[in-house]
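Summary of structural features
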Amino acid sequence: MPTTDISTTLLESVNIVLANLGEAPVNTLSASALPQQVSLALNTIDEVSTDIQSKGWWFNQQTGGNYSTTANIVIYPSNTADAWSSNIPEEARRYITIRSSRIAQTRLIGSEELQKFSYNEELVSLAILQQAHVRNSNGVLDFNDFPAELRGLGMDEVMFLQGTVEEKIGTLRLGGELANTAKTKAETALIADQEELVAKQTLTEVQNALKVVAETSLINDQEALVTKQALTEVQNALKVIAETSLINDQEALVVKQALTEVAKATDIGADTTIKGKQGDLIDKQTLTEVQNALKVVAETSLLGEQEDLVEAQALDVAADTTLKGKQGSLVDAQATDVAADTTLKGKQGSLVDAQATDVAADTTLKGKQGSLVDAQATDVAADTTLKGLQGSLVGAQTTDVAADTTLKGKQGSLVDAQATDVAADTTLKGKQGSLVDAQATDVAADTTLKGKQGSLVDAQTTDVAADTSLKGAQEDLVDAQTTDVASDTALKTAKKDQLLAQTAIEVAAEKAFYDGVVAGTQDTYRDYAAEMRIMGVQESTFQQTPAYKKVELLKDAAKLRIVTATETGTDATELLEVNKVMRFIGEPPVTALNDNSLASECVRLLRDTNTELQGRGWYFNIEEVDDEDVIVPKSLVDTPQKYREYLNVRVAILLTELYPQSGVDIQRLPKMELELRAYFKDREFDDACYSVFDNYDAASRIGINRNYDLT
C-alpha cells in the first residue's frame, strides 16, 4: 500500500506540466474541447505513465496480493477527469508528473536551466519511489539489491550538495536505510558465524571430554590388566615352584621306586610306605591338576581380557609404551614358562617310561611274590587303587597336554593378534599425531578467532559510539533542516512565481514582436544591419535573443545611427566608391552617405585613407615645380581607376578588421590588395619620369658637382 495519504490529482499534475511550459493553469479537465496545450500535457502524462508502469512495481506486479518479480504487469490508465487511477500510489504519481514536465519542456522549449531544475526534482522523486517499492515488497527486495541503480539516481556527494533541503533529507534517509540494512545483514551474518563457531567449540569440547573419559577408562583397564598380568605372573611363579617341587618329588619317587623294586621282595611294609608316598604323590599331582585347571581358566580369562585389550588398544595414546614393556616382560615370562613346561613334559615322559618299566618289573615281582599273595591282598587292593589313580593321572595329563596344545594355539593367535595390534597401533599413533597437529592448528585458529572476536567487539563498541554521535548530528541536522524548510519552501515558491512571471513576459514580448514584424510596424535585424555589425551583433545571435532583448538592441542601433550617420556630402564619386566598399564587405548599397552608420564610417575612412596613400607619392600625382618633384593631391575623380580599386580594397580591409562579420572578407581582400600593389609597382616603373642617372651610384660616377644638363 502507499506510504502517504496525500494524493496529487490529475488536474494538479496537468497544471504542473503547464507551469513548466510557461502556460496558464486550467480549472477543469472535463470540458468538451480542451486547449491544445492541455491536451498535450495529458498525452505526455499518459505516455510517461505507461512507460514507468511497464517496468513493474509493487502496486502493479503481484501474485496473491503480494509483489512478485514473475507476475504479469498491469498497466493502469490515467483518467481524463480530475483524478488518477486509484491503483496508482502517490509516489508513482509524483514521479510521473515531474518526468512528464521535464519531457514536455525539453520537447517544446528546450531551456537548459529549466531542464536541469526539473531533472534534479525527477531524481529525488524517483529515489522516493524506489524507497516505497522496497518497503512495500514484503521482504522480496532490500536496498542492497540495486546499489548501482541508486547511485545512478544521483546519490553522490555532488548531487547531495546541489540538492534542496527536501532532497537532502530524502537522500539522508535513503542513505541511512541503506547503511542500517547493510549493518543488519553484516551483524546477522556475524552472529550466525559466531553461533556456528560456538556449536563447533561445544562439539569439540564434548569430543575432548569423551576422549578424556575413554582414555581414562582405557588407562584404568590397562592398569587392571597389568594387575591381572602381575597376578598371573605370581600364579605362574607359584606354578613353576609347585611343578619344580613335583619334579623333585617325582625324581625322588623314581629313586625310591628303584629302591622299592629291590626291597619289595623282603619288605612289604616298605612297599606299603611307598604306596603311601605314591598316594601323597597322587594327591600332589591332583593338586597340580587342579592348579593346571585353574591355570587354564586363568589363561582363558587372560585370553578374553587380552582380546578386549586388542580392541581397547585401538584407542590407546599415552600408556602404550609402558604397557608394551610390561607385555614384553610377560612374553619373556611366558617363554620361560613354555620352556619350563616343556622340561616338565619331558620329565613326565621319563616318568611314564619309568612307570612302564616299573609295571614290567612289578609284573615280574608279582610272579615272584606269588607266595606273598595272601599277605599282599591288602597291598593289591591298594595297588589297584594306586593304578586307578595313576590312570586318572595319565588321563588328566593327556587332558592337560590337549589343553596345553590349545593354549599354545591361542598363544600363537595372541602373538598374531599382538603383531596386528602393533601395526594398528603404529597406524593409530600416526593418526593420533595428525590429530595432535590438527588440535594444535585448531587451538591456533581458535586463538586467532578469539583475537578477531575481541577486535570485532572493540570495533562494534567504536561503531556504537560513532553511530550515537552520528545520530546526534543527524538529529541536529534534521532540526536545522526543519527550520530551513519553511524559508526554502517560500523561496522556491517565490522562484517559481518569478519564473512564471518571466516566462509570461517573454511569451508576451515574443508575440508582440512577431505581430509587429507581420504588421510592418516592428523593425528587425536587416533594418539596422550596419549598426548591428558595428555593435558586434551577428544575425544568428540576434535571432536567438529573447524578444524584449531584441527590442533593446534595435533601440541601441537606432541611437548609434543618429549619432554616427552624419556625413551629408553629395559627391557622386565618393558615393560610388562607398558602395563598392560596401559590396566588398557584404553590405547592401546606400543612396546617401548618411543612410546608416557604416556608410558614414566608410566615407570618413575612405577620405583619410586616400589622403594617406596619395601622400606617399605616385606617378600620377608627382609634378615638377621649379625643377623639383612635388606631390600634388588629386581628387578621386582625377585618380586612375586602378588606384581607386586599390583604395577601395584597402578601406574594405580596414572596415572588416574594425567590424568583422565573417572570415570570407579577411581571406579574399588581402589577396586583392597584393595584386593591386604589384600592378602599381609595375606602372611606377613604366610611367614615372626616372632615368639611370637618378640613381646615386650612377651620378657619383659622372661627378656630383657637374654644371651641365645632360638633357
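A quick note: this is a predicted structure, and the numbers were derived from the prediction, not measured. (Residues numbered from 1 in each chain as written. Predicted model: local features only at pLDDT ≥ 70, side-chain atom pairs only at ≥ 80, totals over all residues. Heavy atoms only, no water.)

**Focus: the overall build of the protein**
Threshold: What counts as a helix is a DSSP run of H or I of at least four residues, what counts as a strand is a run of E of at least two, and both are numbered from the N terminus. Here's how the labels work: a residue is buried when its accessible area is under 20% of the maximum for its type, exposed when over 50%, partly exposed in between, all with a 1.4 Å probe on protein chains only. Residue burial considers only the protein chains on display, and all accessible areas are found by Shrake-Rupley using a 1.4 Å probe.
Each helix and strand counted, the protein has 18 helices and four strands in total. Counting the 711 residues in the protein, one finds 32% classified as buried. Counting every atom, the protein has about 41100 Å² of accessible surface; 59% of that belongs to carbon and sulfur.

**Considerations on the environment of Asn610**
Note the following rule: Contact criterion: two residues are considered in contact whenever any of their non-hydrogen atoms come within 4.5 Å of each other. In the analysis that follows, any N or O atom pair within 3.5 Å is treated as a polar contact, provided that within protein one partner can donate a hydrogen and the other can accept it, and provided that, for residues neighboring in sequence, both atoms belong to side chains.
Following the sequence through the fold, Asn610 ends up in helix α15 (residues 597–614). A relative accessible area of 12% means that Asn610 is categorised as buried. Apart from residues no more than four positions distant in its own chain, Asn610 is found in contact with Lys634, Leu636, Tyr643 and Leu647. Within the local environment of Asn610, its side chain forms a polar contact with the side chain of Gln614, the two groups lying 2.9 Å apart. Polar side-chain contacts of Asn610 include one of 2.8 Å to the side chain of Tyr643.

**Topic: the pattern of salt bridges**
Condition: Any Lys or Arg side-chain nitrogen found within 4 Å of a carboxyl oxygen on Asp or Glu counts as a salt bridge.
Summed over all chains, the structure comprises 19 salt bridges. Between Glu47 and Arg107 there is a salt bridge; the shortest N-O distance is 3.0 Å. Linking Glu47 in helix α2 (residues 36–53) with Arg107 in helix α3 (residues 90–108), this pair joins segments that are 60 residues apart in sequence. In this structure Glu47 comes out as partly exposed when scored by relative accessible area, which is 40%. Glu623 serves as the salt-bridge partner of Lys634, at 3.1 Å between the closest nitrogen and oxygen. Pair noted here: Lys634 is in the loop between β4 (628–631) and α16 (641–658) and Glu623 is in strand β3 (residues 622–625), with a separation of 11 residues, a long-range link. Its relative accessible area of 24% is what places Lys634 among the partly exposed residues. Classification of Glu623 by relative accessible area gives partly exposed; the value is 34%. Look at the salt bridges and you will find they share partners, linking Glu567, Glu574, Glu601, Arg604 and Arg607 into a network.

**Some details on the confidence of the model for the protein**
Where we set the bar: Per-residue confidence from the predictor is reported as pLDDT, which spans 0 to 100.
When pLDDT is averaged across the protein, the result is 75; 61% of the residues are at 70 or more. When mean pLDDT is compared element by element in the protein, α15 scores highest at 94, while helix α6 (residues 157–162) scores lowest at 50.

**Quick word on the packing of aromatic side chains**
Note the threshold: Aromatic pairing here means that ring centres of Phe, Tyr or Trp (its six-membered ring) are within 6.5 Å. Orientation follows from the plane angle: under 30 degrees is stacked, over 60 is edge-to-face, and everything else is tilted. A positively charged side chain is recorded as over a ring if its NZ (Lys) or CZ (Arg) lies within 6 Å of the ring centre. The angle to the ring normal must also be within 35 degrees.
For the structure shown, the criterion picks out 11 aromatic pairs. Lys642 extends its terminal NZ or CZ atom over the ring of Tyr679, reaching a point 5.4 Å from the ring centre.

**Observations concerning the environment of Leu676**
Tracing the backbone shows Leu676 in helix α17 (residues 663–687). Separated by 29 residues in sequence, Leu676 and Leu647 have C-alpha atoms that sit 9.6 Å apart. With sequence-adjacent residues up to four places away left out, Leu676 is seen in contact with Lys642, Glu645, Tyr646 and Val649.

**Some remarks on the packing of helix α1 (residues 10–20) against α2**
The description of two helices packed together rests on the angle between their axes and the distance between the axes. Note the cut-off: Only the stretch in contact is used when fitting a helix axis, every axis being a line fitted to C-alpha atoms; angles between N-to-C directions are given from 0 to 180 degrees. Just so you know how the angles are binned, under 35 degrees is roughly parallel, over 145 roughly antiparallel, 65 to 115 roughly perpendicular, and the rest oblique. What makes a crossing left-handed is the near helix being turned counterclockwise from the far one by less than a right angle; a clockwise turn instead makes it right-handed. Residue type decides the class: Asp, Glu, Lys and Arg count as charged, Ala, Val, Leu, Ile, Met, Phe, Trp, Tyr, Cys and Pro as nonpolar, and the leftover types, Gly among them, as polar.
Here α1 crosses α2 at 110°, and the two axes come no closer than 9 Å. The angle between α1 and α2 places the two elements in the roughly perpendicular class. Every pair of crossing elements has a handedness; the one defined by α1 and α2 is right-handed. Between α1, through Leu10, Ser13, Val14, Val17 and Leu18, and α2, the contact on the second element is made entirely by Gln37, Val38, Ala41, Leu42 and Ile45. Split by residue class, the contact of α1 with α2 holds eight nonpolar, two polar and no charged.

**Remarks on unusual backbone geometry**
One non-glycine residue, Asn138, lies in positive phi territory at about 55°. Within the fold, Asn138 resides in the loop between α4 (112–135) and α5 (147–152). Taking the relative accessible area as the measure of exposure, Asn138 reaches 53% and is therefore exposed.

**So, the packing of α1 against α3**
Relative orientation of the contacting elements α1 and α3 amounts to 30°, with a least axis distance of 9 Å. Classified by the angle between their axes, α1 and α3 sit roughly parallel to one another. For the pair α1 and α3, the crossing hand works out as right-handed. Contact with α1, carried on its side by Ser13, Ile16, Val17 and Asn20, involves Arg94, Thr97, Ser100, Ser101, Arg102, Ala104 and Gln105 of α3 and no other residues of that element.

**Focus: the pairing of β3**
To be explicit about the condition: Strands are labelled as partners when DSSP assigns at least two bridges between them.
Pairing between β3 and β4: four bridges, direction antiparallel. Directly across from Ile622, in β4, lies its bridge partner Ile631.

**Focus: α1**
The element α1 is largely enclosed, with a buried count of nine among its 11 residues. Within the span of α1, buried status applies to Leu10, Leu11, Ser13, Val14, Asn15, Val17, Leu18, Ala19 and Asn20. Positioned one or two residues after α1, Gly22 has a phi angle of 80°, which is positive.

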